[in-house]
Amino acid sequence: MDTAAAGVPVTGDVPGRRGGRRLGPGCAGLLFAAVSVVLGFRVADSDGITPVPQLLAFLPWLLLPTGVGLLLTLLARWWAGAVWGIAVLGLLAWFIEPYGKAGEPSGSPVAEMRVLTSNVEFGQGTGALIAAVRHEKPDIVFVQECEYSCDAALKRALADTYPHRRAVEGGGSEGSVILSRFPLRGTAGVPGTMGMPGATADVRGHTVRLQLAHPMPPLPGQTGLWRAELGALRAYAAGDTTTPTVLAGDFNASQDHSAFRRILDTGLRDAARLTGADRTATWPSRTAPSFGAQIDHVLVSEDFSARSARFLDLADTDHRALVVDLTLHRRA
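Counting of residues starts from 1 at the beginning of each chain's written sequence and follows it residue by residue. Note on the predicted model: pLDDT of at least 70 is required for a residue's local features to be given, and 80 or more for side-chain atom pairs to be given and counted; whole-chain, interface and lining totals, by contrast, use all residues. As a convention, hydrogens and water are excluded, and side-chain values are obtained from all of the structure's heavy atoms.

A. How the structure looks around the pattern of salt bridges. Throughout this description, the term salt bridge denotes a Lys or Arg side-chain nitrogen within 4 Å of a carboxyl oxygen of Asp or Glu. On inspection of all chains with the given rule, the structure shows 12 salt bridges. Across the pair R261 and D45 runs a salt bridge, and its minimum N-O distance is 2.5 Å. Of the two residues, R261 sits in helix α8 (residues 258-264) while D45 sits in the loop between α1 (15-43) and α2 (52-56), which places them 216 residues apart along the sequence. Only protein chains enter the area calculation, which uses a 1.4 Å probe; residues under 20% of their type maximum are buried, those over 50% are exposed, and those in between are partly exposed. Residue D45 is classed as partly exposed on the basis of its relative accessible area of 34%. Among the ionic pairs, D265 bridges to R262, the shortest N-O distance being 2.7 Å. For R262, a relative accessible area of 22% puts it in the partly exposed group. Linked through salt bridges whose partners overlap, the residues forming this network are D45, R261, R262 and D265. Secondary structure counts use DSSP, requiring at least four H or I residues in a row for a helix and at least two E residues in a row for a strand, with both numbered from the N terminus.

Here you go:
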């Protein structure tokens, strides 16, 4: 007698269900493996090779594929995979925590200053930047990718308000400018593919080192250059740990990159982290703050406290501007 025809239930897995259970662990395993590779370099305190540096910039977003993988393991009842996924999830949560020193300076406050940094994307966002500067009234402005027309526009529009400047002129992404209300004395700056001018400012009788940061991005085949230029910025930071310092700009790196963490290890602190905004995305502006990475930073020595950090959406540039209010303290 045909039991199926007679309506007698057939025991065992349905073929389609068996295929689904095989597919679930396979997909979950691929997701966990990909995330584990990137996470392994983070655990090893290394930036690895392409595509690891590019993916490390978006480390918090690796929670999404990990979560999808965990769901698949539960649906497929793949318990070993579930343990793997939970371990990956725990490590991600650990490394998403802020990196670097925090805390308030112990000395008395001696001066206040507002700093703005903006990458204007080949000068295209110059008009929006000028409007933002007039509205925010920062004391010091760091501008990256300020090519010839951008430089000329800043001179025309802001020279009366910011009579002191240091610039590296160049086309495309090579030009950079520091504008200041405070008197400046030029320094050699940090050598790099793109302009990184430097200066010392007289902030109400106190000397403050200023350095614009704009190393090369970690493009495929150029990650060595990216590391080298971040290393040059680290050398600058470590070269003088007694003078108050502000190192600001587009670092093309986040706290999840080893080369950037080495800069923080010199004692500099991320002003956004000090105000609780260490994971607010600055790039790409089209998807930030919902999705992106924080690669624009204002780093300060332990002489400074940060009262606030705000992120501005400027037209015609792929970066958000960052404005921080700083207080300079007398070193104890």
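B. Highlighting the state of the cysteines. Criterion for a disulfide: a pair of cysteine sulfur atoms within 2.5 Å. With the rule as written, the count across this model stands at one disulfide. The side chain of C146 participates in a disulfide bridge whose partner is C150; the two sulfur atoms lie 2.1 Å from each other. Torsion about the S-S bond of the C146 and C150 cystine: about -100°, corresponding to left-handed handedness. For the pair C146 and C150, a shared accessibility class is recorded, and that class is buried.

C. Representation of the packing of helix α5 (residues 126-136) against helix α6 (residues 148-158) within the structure. Where α5 meets α6, the axes come as close as 10 Å, and the angle between the chain directions of the two elements is 30°. Here α5 is positioned roughly parallel relative to α6, judged by the angle of their axes. Two packed elements cross with a definite hand, and for α5 against α6 that hand is right-handed. Along its contact with α5, which presents T126, L129, I130, V133 and R134, the element α6 presents C150, A153, L154, A157 and L158. To get an axis, a line is fitted to the C-alpha atoms, and for a helix only the part in contact is used. The angle between two axes follows their N-to-C directions and goes from 0 to 180 degrees. By definition in this entry, angles of less than 35 degrees are roughly parallel, angles greater than 145 are roughly antiparallel, angles of 65 to 115 are roughly perpendicular, and the rest are oblique. Should the near helix be turned counterclockwise from the far one by less than a right angle, the crossing is left-handed, whereas a clockwise turn marks it as right-handed. Any two residues whose heavy atoms approach within 4.5 Å are treated as being in contact.

D. Inspection of the packing of aromatic side chains at higher detail. Stacked, edge-to-face and tilted labels apply to pairs of Phe, Tyr and Trp rings (six-membered ring for Trp) whose centres lie within 6.5 Å, assigned for plane angles under 30 degrees, over 60, and everything in between, in that order. In total, this model carries five aromatic pairs according to the counting rule given. Between F58 and W283, the ring centres sit 6.3 Å apart and the planes meet at 40°, which makes this aromatic pair tilted. Of this pair, F58 sits in the loop between α2 and α3 (63-76) while W283 sits in the loop between α9 (271-274) and β10 (296-300), and the two are 225 residues apart along the sequence. With a relative accessible area of 19%, F58 lands in the buried category. Taking relative accessible area as the criterion, W283 reaches 29% and is therefore assigned partly exposed.

E. Structural view of the sheet that holds strand β8 (residues 245-250). Pairing between two strands requires that DSSP report at least two bridges joining them. Within the open sheet, the six strands sit side by side as β5-β6-β7-β8-β10-β9. Their pairing is mixed. A single partner strand is all that each edge strand has here, and the edge strands are β5 (184-187) and β9 (269-270). Sheet topology places strand β6 (residues 198-203) next to strand β7 (residues 206-213); six bridges connect them, and they run antiparallel. Within the sheet, the bridge partner assigned to D202 lies in β7 and is T207.

F. Up close: the sheet that holds strand β1 (residues 109-119). Sheet architecture is open: six strands sit in the order β3-β4-β2-β1-β12-β11, paired in mixed fashion. Edge strands, defined here as strands with exactly one partner in the open sheet, are β3 (164-168) and β11 (304-312). Across the sheet, the axes of successive neighbouring strands diverge by a mean angle of 15°, strand direction being ignored.

G. Quick peek at the side chain of Q211. Here Q211 shows up in strand β7. On the accessibility criterion, Q211 (0% relative accessible area) is buried. Nitrogen and oxygen atoms within 3.5 Å of one another constitute a polar contact, given that in protein one can donate a hydrogen and the other can accept it, and given that sequence-neighbouring residues count only through two side-chain atoms. One polar contact links the side chain of Q211 to the main-chain carbonyl oxygen of M196, over a distance of 2.9 Å. Reaching out from Q211, the side chain makes a polar contact with the backbone oxygen of P197 at a distance of 3.1 Å. In this structure Q211 touches F142, G189, V190, M196, P197, G198, L233, Y236, V246, L247 and A248, once residues within four positions along its chain are discounted.

H. Representation of the pairing of strand β4 (residues 176-180) within the structure. Within β4, five of the five residues are buried, leaving the element largely enclosed by the surrounding structure. The alternating pattern of β4 places S176, I178 and S180 and V177 and L179 on opposite faces, both of which are buried. Note: strand β2 (residues 140-144) against β4, five bridges, orientation antiparallel. What sits directly across from I140, in β4, is S180. Here five bridges tie β3 to β4, and the two strands are oriented antiparallel to one another. Residue pairing across strands places R165 opposite L179, the latter belonging to β4.

I. Spotlight on the environment of D316. By the secondary structure assignment, D316 is in the loop between β11 and β12 (321-329). Residues in contact with D316, not counting those within four places in the same chain, are V120, E121, Q124 and G125.

J. Main features of the nonpolar core. Grouped together as the largest cluster of nonpolar side chains are 44 residues, with contacts concentrated most on V246 and L326. The element best represented in this core is helix α7 (residues 223-239), accounting for five residues. Apart from residues no more than four positions distant in its own chain, V246 is found in contact with M113, F142, V208, R209, L210, Q211, V298, L299, V300, F304 and L326. By nonpolar core is meant a set of buried Ala, Val, Leu, Ile, Met, Phe, Trp, Tyr and Cys residues that side-chain atoms within 4.5 Å join together. Grouped together as the second largest cluster of nonpolar side chains are 20 residues, L129, V141, V143 and L154 included.

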